[in-house]
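The residues making up each chain are set out below.
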Number of protein chains: 2
Amino acid sequence: MNLKELSKNLGLSQTTVSRALNGYPEVSAATRKRVEQAAKEFNYHPSTRAKGLATGRALAIGHVIPVSTQHEMVNPVFGDFIAGAGETYSRNGYEMILSIVDDMNEEQIYRGLKSRRAVDGVIVHGPRIDDPRIALLTKLGLPFAVHGQVTRCDTPYTLLDVNNHEAFEQATKYLLDLGHRRIALVNGLESMDFAYRRRSGYEAALHACDIAIDPALMCSGEMTEVIGYENAQALLQTADAPTAFLCSSLISAMGVRRAIQECGLTMGKDVSVITHDDVLSYLQNGGDTPIFTATRSSVRTAGRRLAEVLLESIKNPSLPPQRVILECEFVVGQSTGPAPRKD
Amino acid sequence: MNLKELSKNLGLSQTTVSRALNGYPEVSAATRKRVEQAAKEFNYHPSTRAKGLATGRALAIGHVIPVSTQHEMVNPVFGDFIAGAGETYSRNGYEMILSIVDDMNEEQIYRGLKSRRAVDGVIVHGPRIDDPRIALLTKLGLPFAVHGQVTRCDTPYTLLDVNNHEAFEQATKYLLDLGHRRIALVNGLESMDFAYRRRSGYEAALHACDIAIDPALMCSGEMTEVIGYENAQALLQTADAPTAFLCSSLISAMGVRRAIQECGLTMGKDVSVITHDDVLSYLQNGGDTPIFTATRSSVRTAGRRLAEVLLESIKNPSLPPQRVILECEFVVGQSTGPAPRKD
DNA sequence: AAGCAAATCCAAAGCGCTTTGGGAAATTTG
DNA sequence: CAAATTTCCCAAAGCGCTTTGGATTTGCTT
């Protein structure tokens, strides 16, 4: 069923039917109702492609997911983020188109999306330090919104981020207040902006307490269970082992916990652990009471909100770039306790 | 830059330029080269929407991701599957469009995709027992391919699945051969087809050894770490506790491992664990040597293959429905050992 | 050199929608 | 009651591409 057939069926012109369906005022209430009824009855939906051609808008948002060539790693956060953004899109009649891309061909992809006029805007995932995409997209004139921030980037751009610095500063302080002095940081890849900010929060807290920063206590890498485990195990076997760990993800925290247990230690007593918790649907931090003390911020909510912000800025292009910073909730679980006394 | 401008630039007709770019034979090799050069130079890409309108094909595949309303759960497997499928699409000039949908509005979404002519086909995720989507999609005449199988469904359809029955039968047999007699099954939601098949494999192996099936040893639910933990903990505290666990996912297996450790037992010695491993990029089963004994099958490869199969069947609609069954690799890790002797 | 097929290219129609620029009918106004 | 609005609807153009049905040129034959 297309417009032509539908309008023939109704004995109206395509113009009128189109207008009735799109809420234009030049149509009487009676005919509008009649048209809407018929559209529902025949299950008529305008062809996205034709509509896009005619209006010049794609009614679609692109998500370009970088998959690092070396690690073949898909960010585990991605599923939930997409789910959140998807909610926003379907509420607003937008479609989400996804491009999986190894980081070599990124620029190609963005240029393609632009010149094929496939999308009205894009969401930038996994911003890195000095990320070249901001400059590229502004140059292309393709509206975009970033999930995260780009460290050294002077031109303003629309973004949504968790306050990573603040969260990790607060977490570190909490551990310091409990008497911990040797606090390890199990961070994400240092090329990622969020990891950079978390480290700076961690360092700021130590600094404020006049505690020297020990590079041996900081590690960074993909946030997997195994890597968390290996790092923690290595650290726990050193002479001056840390009494607390600060993790960038629940998954690595689980690895850390395993290392602690295997050393015959008890988490929350001998060794404390705080982790960032993205509230992934398949990775809850315990049931009613949280297991890990955590800095919590739902990545799904982030997806929903960021999509809203992007849609808004597309609808209203004169709007200045938006900056949404979400504060984490600090939840105390069973994984932290006072630093053990040295005997 | 559009076709008109490009052809004016070249002093050729739109026809010729279009044909040159699309590999039609009615163009001399010389002009083709010239056209291709110019297209590259001006970074010309045909508008997807216009092309779609003209050809009647969308050059896009839809992925409809069900997010259960009660659990708000995004299948953790999904990210990697999508990454695999995405590789295939970009190699073939297709786009992937994603719809996140709570299971109430599923039918609406599929009908919409069809009548808006937004996609050339869809991938069906998370098939359930007696899933109504097969019937719906065949009725709609929308090409589709299923990731998994639908238990009672007589009409043939294109699918790709892991041989779940075989894998879990083999795993159970392996445990039986090690002398285990009380084997617990920590399964996914029983409404999912894969969970059903895994249980049937488990039961078949027990049956073959004349071991009665004890419902108390079987649990099913979302495959989270916490649920795995809770189930295992409860089971380990019973009088006649299992000596082995069979898990449907690495995540629940990690929960099971935690329960084992907390009971002061050693995995691989006191209690054995086998899990299915989807080879998710952020959830490796150990480093060089696997931690868990596992039935292994990469979900990313599954995504790549299934997308290929779907594209093939779209290109060649007369093809009969394809059935691709992937066999799991059985890898022996450190989580299994002979059943402990009763003292 | 005339004749014919093959090789190249082009003009124009059409895909399904929106939107401009009117026109006819209904309503209000003086 | 004629004139001026307002209301409601329509024909046709246009979005950027593909594809049909020629037209023209070139290369071979005889």
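Note that this is a predicted model, so its numbers are computed, not measured.

## What about the nonpolar core?
Phase 1 of the analysis: With 142 residues, the main nonpolar core has L98 and F245 of chain A together with L98 and F245 of chain B as its most contacted residues.
Phase 2 of the analysis: With residues near it in sequence (within four places) discarded, F245 of chain B still touches L175, A184, V186, A232, L235, L236, V256, V271, S272, V273 and I274 of chain B.
Phase 3 of the analysis: A118 and V119 of chain A together with L136 and V146 of chain B belong to the second-largest nonpolar core, a separate cluster that totals 42 residues.

## Things to note about the sheet that holds strand β10 (residues 293-296) of chain A
Residue and element names in this part refer to chain A.
Phase 1 of the analysis: The mixed open sheet is built from six strands, whose spatial order is β7-β6-β8-β9-β10-β12. Both outer strands of the open sheet, β7 (218-220) and β12 (329-331), are each paired with one neighbouring strand and no more. Going across the sheet, the axis of each strand differs from the next one's by a mean of 15 degrees, ignoring polarity.
Phase 2 of the analysis: As judged from the three bridges shared by β10 and β12, these two strands associate in the antiparallel manner. Bridged to R296 within β12 is E329.
Phase 3 of the analysis: Lying on the sheet, helix α11 (residues 250-262) is in contact with β6 (183-187), β8 (244-247) and β9 (272-277); it crosses β9 at an angle near 165 degrees.

## Here's the deal with the packing of aromatic side chains
By convention here, two paired aromatic rings are described through the distance between centres and the angle between planes.
Phase 1 of the analysis: Tallied over the full model, the rule gives four aromatic pairs over all chains.
Phase 2 of the analysis: The lysine or arginine in question, R258 of chain A, covers the ring of Y229 of chain A, its NZ or CZ lying 3.8 Å from the ring centre.

## So, the relation of the copies chain A and chain B
Phase 1 of the analysis: When chain A is fitted to chain B, the best match, at an RMSD of 0.1 Å, comes from turning it 180 degrees and sliding it 0.1 Å along the axis. Such values leave the two copies arranged in the relation of a two-fold axis.
Phase 2 of the analysis: When the interface residues of chain A are mapped onto chain B, 100% of them again lie at the interface, so the same face is used by both copies.

## Observations regarding the protein's contact with DNA strand D
Phase 1 of the analysis: Around DNA strand D sit 28 residues in total, of which T15 and R19 of chain A together with L3, S18 and R19 of chain B are the nearest.
Phase 2 of the analysis: When the atoms of DNA strand D within 4 Å of the protein are sorted by group, sugar and phosphate make up 58%.
Phase 3 of the analysis: In the model, a base nitrogen of DNA strand D is placed 2.6 Å from a nitrogen or oxygen of the R19 of chain A side chain.
Phase 4 of the analysis: S28 of chain A is positioned such that a nitrogen or oxygen atom in its backbone is 3.3 Å from a phosphate oxygen of DNA strand D.
Phase 5 of the analysis: Elements with a contribution of two residues or more to the surface near DNA strand D: α2 (14-22) and α4 (48-55) of chain A together with α2 (14-21) and α4 (48-55) of chain B.
Phase 6 of the analysis: Counted by class, the surface near DNA strand D contains eleven nonpolar, 13 polar and four charged residues.

## Looking at the interface of chain A and chain B
Phase 1 of the analysis: On the chain B side, the residues contacting the 53 residues of chain A number 53 residues.
Phase 2 of the analysis: Contact between chain A and chain B buries roughly 4800 Å² in total, counting both sides, with carbon and sulfur atoms accounting for 57%.
Phase 3 of the analysis: Between E225 of chain A and R257 of chain B there is a salt bridge, with the nearest N and O atoms lying 2.8 Å from each other.
Phase 4 of the analysis: The tally of links from chain A across to chain B stands at 17 residue pairs in polar contact (both at pLDDT 80 or more).
Phase 5 of the analysis: For the side of chain A that touches chain B, the secondary-structure elements that each account for two or more residues are α4, α5 (78-91), β2 (95-102), α6 (106-115), α10 (225-236) and α11 of chain A.
Phase 6 of the analysis: In the side of chain A that touches chain B, the residues fall into 23 nonpolar, 17 polar and 13 charged.
Phase 7 of the analysis: The pairing of β2 of chain A with strand β2 (residues 95-102) of chain B spans three bridges and is classified as antiparallel. Following the sheet pairing, I97 of chain A is matched in β2 of chain B by I97 of chain B.

## Remarks on the domain arrangement of chain A
Residue and element names in this part refer to chain A.
Phase 1 of the analysis: Partitioning chain A into structural domains gives domain 1 (60-162 + 299-326) and domain 2 (164-298).
Phase 2 of the analysis: Carbon and sulfur atoms make up 52% of the area that domain 1 and domain 2 hide from each other, which totals about 1600 Å².
Phase 3 of the analysis: The interface formed by domain 1 and domain 2 holds zero salt bridges in total.
Phase 4 of the analysis: Joining domain 1 to domain 2, the criterion identifies twelve residue pairs in polar contact (both at pLDDT 80 or more).
Phase 5 of the analysis: Of all the secondary-structure elements, those providing two or more residues to the side of domain 1 that touches domain 2 are β5 (159-162) and α12 (299-315).
Phase 6 of the analysis: For the side of domain 1 that touches domain 2, the element with the highest residue contribution is α12, accounting for four residues.

The rules behind each value
Residues numbered from 1 in each chain as written. Chains lettered and ligands numbered in written order. Predicted model: local features only at pLDDT ≥ 70, side-chain atom pairs only at ≥ 80, totals over all residues. Heavy atoms only, no water. Core = buried A, V, L, I, M, F, W, Y, C linked by side-chain atoms within 4.5 Å. Buried < 20%, exposed > 50% of the residue type's maximum accessible area, 1.4 Å probe, protein only. Contact = heavy atoms within 4.5 Å. Pairing = 2+ DSSP bridges. Helix = DSSP H or I, 4+ residues; strand = E, 2+ residues; numbered from the N terminus. Axes fitted to C-alpha atoms, helices over the stretch in contact; angles between N-to-C directions. Phe/Tyr/Trp six-rings, centres within 6.5 Å; stacked < 30°, edge-to-face > 60°. Lys NZ or Arg CZ within 6 Å of the ring centre and 35° of its normal. Least-squares fit on C-alpha atoms with pLDDT ≥ 70 in both. Near = heavy atom within 4 Å. Polar contact = N/O pair within 3.5 Å; in protein donor to acceptor, adjacent residues only side chain to side chain. Nonpolar A, V, L, I, M, F, W, Y, C, P; charged D, E, K, R; others polar. Buried area = accessible area lost by both parts, 1.4 Å probe. Salt bridge = Lys/Arg side-chain N within 4 Å of Asp/Glu carboxyl O. Domains from an automatic or database assignment.

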